[in-house]
Amino acid sequence: VQLQASGGGLVQAGGSLRLSCAASGRTFSSYKMGWFRQAPGKERESVAAISRNGGSLYYADSVKGRFTISRDNGKNTVYLQMNSLKPEDTAVYYCAADLRVYGVGLETDYDYWGQGTLVTVYS
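First things first, this report covers the structure right here in the doc. (Residues numbered from 1 in each chain as written. Predicted model: local features only at pLDDT ≥ 70, side-chain atom pairs only at ≥ 80, totals over all residues. Heavy atoms only, no water.)

### Observations concerning the overall build of the chain
Of the regular secondary structure elements, the chain holds zero helices and 11 strands. Mapped in sequence order, the helices and strands of the chain form the string β-β-β-β-β-β-β-β-β-β-β. Compactness check: the chain gives a C-alpha radius of gyration of 13 Å against a globular reference of 14 Å for 123 residues, within 12% of the reference. Each of the three principal axes of the chain carries a C-alpha extent, and together these read 40 × 25 × 25 Å. (Helix = DSSP H or I, 4+ residues; strand = E, 2+ residues; numbered from the N terminus. Rg over C-alpha atoms; globule rule 2.2 N^0.38 Å.)

Here it is, written out as structure tokens:
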């Protein structure tokens, strides 16, 4: 599967952005999907994940209550709605996919990665 992330940009603190990740192929619904981010000088970290049918969701503590992950299997797309953005949310955001059912929070839980989209939050 090939992944293409989009939707990043420059936003003021307290604002919102919606990231999208479009996947190629006809078996998108077979993949669990995740969003990760990497801030300057920091390691990449898990942000959110969603199971193949969307029934199970995972969020990092730092984004709970502010970010929402969702997917549309008919459109081969996963979304990350980001509200109440903070300067510390500034990072390159990556989407990831994997066929394995278990494991959502580690980079090694995903075999396929998109190219990343930059989110910059200014105060």
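Read on, since the account is not over.
### Points about unusual backbone geometry
Phi is positive for N76, close to 55°, though the residue is something other than glycine. With respect to the helices and strands, N76 occurs in the loop between β7 (67-72) and β8 (77-82).

### Quick word on the side chain of S20
With respect to the element layout, S20 can be found in strand β3 (residues 17-23). Residue S20 is classed as buried on the basis of its relative accessible area, which comes to 17%. Sequence-distant contacts of S20, defined by excluding residues within four places in its chain, comprise Q4, A5, S6, W35, T77, V78 and Y79. (Buried < 20%, exposed > 50% of the residue type's maximum accessible area, 1.4 Å probe, protein only. Contact = heavy atoms within 4.5 Å.)

### Some points on the packing of aromatic side chains
The full count for this structure, using the stated rule, is four aromatic pairs. Centroid distance Y31 to Y112: 5.9 Å. Interplanar angle 85°. Geometry classified as edge-to-face. Note that Y31 is positioned in the loop between β3 and β4 (32-38) and Y112 in strand β10 (residues 112-113), a separation of 81 residues in sequence. Here Y31 falls in the buried class, since its relative accessible area comes to 7%. Taking relative accessible area as the criterion, Y112 reaches 30% and is therefore assigned partly exposed. For the ring pair Y110 and W113, a centre distance of 6.2 Å and an interplane angle of 70° mean the geometry is edge-to-face. A connected cluster of aromatic rings, assembled from ring pairs, spans F36, Y110 and W113. (Phe/Tyr/Trp six-rings, centres within 6.5 Å; stacked < 30°, edge-to-face > 60°.)

### Quick notes on the pairing of β7
Residue alternation in β7 divides its side chains into a buried set, F67, I69 and R71, and an unburied set, T68, S70 and D72. Two strands pair when backbone bridges link them, and β7 and β8 are joined in this way by six bridges, in the antiparallel orientation. Pairing of R71 across the sheet is with V78, part of β8. Between β7 and β8, which pair antiparallel and follow one another directly, the connecting turn spans four residues, one of which, N76, has a positive phi of 55°. (Pairing = 2+ DSSP bridges.)

### Side note on the pattern of salt bridges
Tallying each qualifying case throughout the model produces seven salt bridges. D61 is the partner of K64 in a salt bridge, and the nearest nitrogen-oxygen pair spans 3.2 Å. On the basis of relative accessibility, which here comes to 64%, the residue D61 falls in the exposed class. Between R100 and D111 there is a salt bridge whose closest N-O contact spans 3.6 Å. Of this pair, R100 sits in the loop between β9 (91-98) and β10 while D111 sits in the loop between β9 and β10, placing them 11 residues apart in sequence. Of the residues examined, D111 reaches a relative accessible area of 53% and is grouped as exposed. Each of the salt bridges in this network shares a partner with another, and the network as a whole consists of R37, E45, R66 and D89. (Salt bridge = Lys/Arg side-chain N within 4 Å of Asp/Glu carboxyl O.)

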